[in-house]
Amino acid sequence: MRILIDGRPLLEAQPTGVSRYARHLLDALFALPEAREHEFIVYTNSASAAMTARAPQWSYAHVRSLHTRYPNKLLHAGIVLTGRPTIDTLVRRAGGGTVDAVIALNPHFLSVTPGIPFFLTIHDVSMQIAPDLFSLRARLWHRAVNLPRLLQQATHVFSVSESTRTDLQTYFGVASQHSTTISPAAPPLPTHNCEPTCVFAHTNEPSILMIGTREKRKNILGALTAFELVLRQLPTARLILLGTAGYGWDEAQQFLDNHPEVSSRVQILGFADEATKSAAIAHATICLYPSWYEGFGIPLLEAFAAGVPVITSYGSALAETAGDAALFALPWRPDMLADTIHTLLTDSALQNEMRARGFARARAFDWSDSARLLLTSVLQQTESPTQ
């Protein structure tokens, strides 16, 4: 069977949760012994030389990477206005031959020739649930991508959590028999080499680590407000922000400008590579993830796997992902969040308990299991696959 995979999420210069999910899932998929019975074509497109240089490669004989260099604006306009060209047509024109199925690892400007089974991955439906958490540009992009059209065209839908799967049924009418949950796992982090003098190694100061884009959806202002309350009782605490600035950061920056006593205890490190992230997690006392909405929450598993206690928020998929391995607070209650942070930072027995629970929770997720479920679902849903 020849399976076409839309690999465009893999071209990001600064990988997000979606692109990291795509990379680790594909790595696990291609490594499966049963995957060798099929041929996979990972398609990417960009006229940019920098993005072309990031086109993914694998060394497996059953995996082929195929990159074209059409201007994205023209390609996207054609898909929005006419539904053409289809992704399978693009691959065929580039010498990739015909395909038996198409897998998209995220909604994108995409069309598939009718009759070819199409599998669409949805990470969350936050744009429908809370559009005010996104910029106008992001809302317009999602409107142009036209998720309802993609869902209507899809043969089967993959969600990253049961919570997202339920949201798909609630907001888009995707029946449960037409969807399957393919969960992420903890991405393997490289060994870090952090000397005692590095930015993370303040061993006598309790540190709180936040991983992810510094944006409104991640409740960054609520986290800073809670941290200001924590500092009143624990003035040596530090908050480390690991991620790029996003929508809503201006308001959070204004808060820091108005509260120099808080700003002096906050370290903003921006985007970090995997080695830097590994060092940050290893040296954190706790991990804070108080988002308003998440489709899964991979940073929770990263912290669990590294033995770092976690505080997160109720709602969306975070409770599902964390299970009993995290402490919870209401995202709209900075005082409750502050109390929870203070309790965890000052209770070593509780930290040890949550650390043990985190290790166990991280082991419940496995990339190979998720990849095998994806492949099995594709084979089951595809009629008369070609061997």
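Look up a bit, the structure's there.
Residues numbered from 1 in each chain as written. Predicted model: local features only at pLDDT ≥ 70, side-chain atom pairs only at ≥ 80, totals over all residues. Heavy atoms only, no water.

Considerations on the side chain of S179
(1) Moving on: Mapped onto the fold, S179 is located in strand 7 (residues 179-181).
(2) Moving on: For S179, a relative accessible area of 5% puts it in the buried group.
(3) Moving on: Of the polar contacts made by the side chain of S179, one reaches the side chain of R165; its length is 2.8 Å.
(4) Moving on: Setting aside anything within four residues of it in sequence, one finds S179 in contact with H156, V157, R165 and V174. (Helix = DSSP H or I, 4+ residues; strand = E, 2+ residues; numbered from the N terminus. Buried < 20%, exposed > 50% of the residue type's maximum accessible area, 1.4 Å probe, protein only. Polar contact = N/O pair within 3.5 Å; in protein donor to acceptor, adjacent residues only side chain to side chain. Contact = heavy atoms within 4.5 Å.)

Points about the sheet that holds strand 8 (residues 207-211)
(1) Moving on: Taking strand neighbours across the sheet as the criterion, the six strands line up as 10-9-8-11-12-13 in an open arrangement whose pairing is parallel. Unpaired on one side and paired on the other, strand 10 (266-270) and strand 13 (327-329) mark the two borders of the sheet. Neighbouring strand axes in the sheet, compared pairwise and without regard to direction, differ in orientation by 25 degrees on average.
(2) Moving on: Each of strand 8 and strand 9 (238-242) touches helix 12 (residues 274-283); the most contacted strand, strand 8, lies at about 145 degrees to it. (Pairing = 2+ DSSP bridges. Axes fitted to C-alpha atoms, helices over the stretch in contact; angles between N-to-C directions.)

Brief notes about the side chain of S19
(1) Moving on: Looking at the secondary structure, you find S19 in helix 1 (residues 17-31).
(2) Moving on: Judged by relative accessible area, S19 falls into the buried class, the value being 5%.
(3) Moving on: Reaching out from S19, the side chain makes a polar contact with the side chain of E12 at a distance of 2.9 Å.
(4) Moving on: From its side chain, S19 meets the backbone nitrogen of T16 in a polar contact 2.8 Å long.
(5) Moving on: Excluding residues that lie within four positions of it along the chain, S19 makes contacts with P9, L10 and E12.

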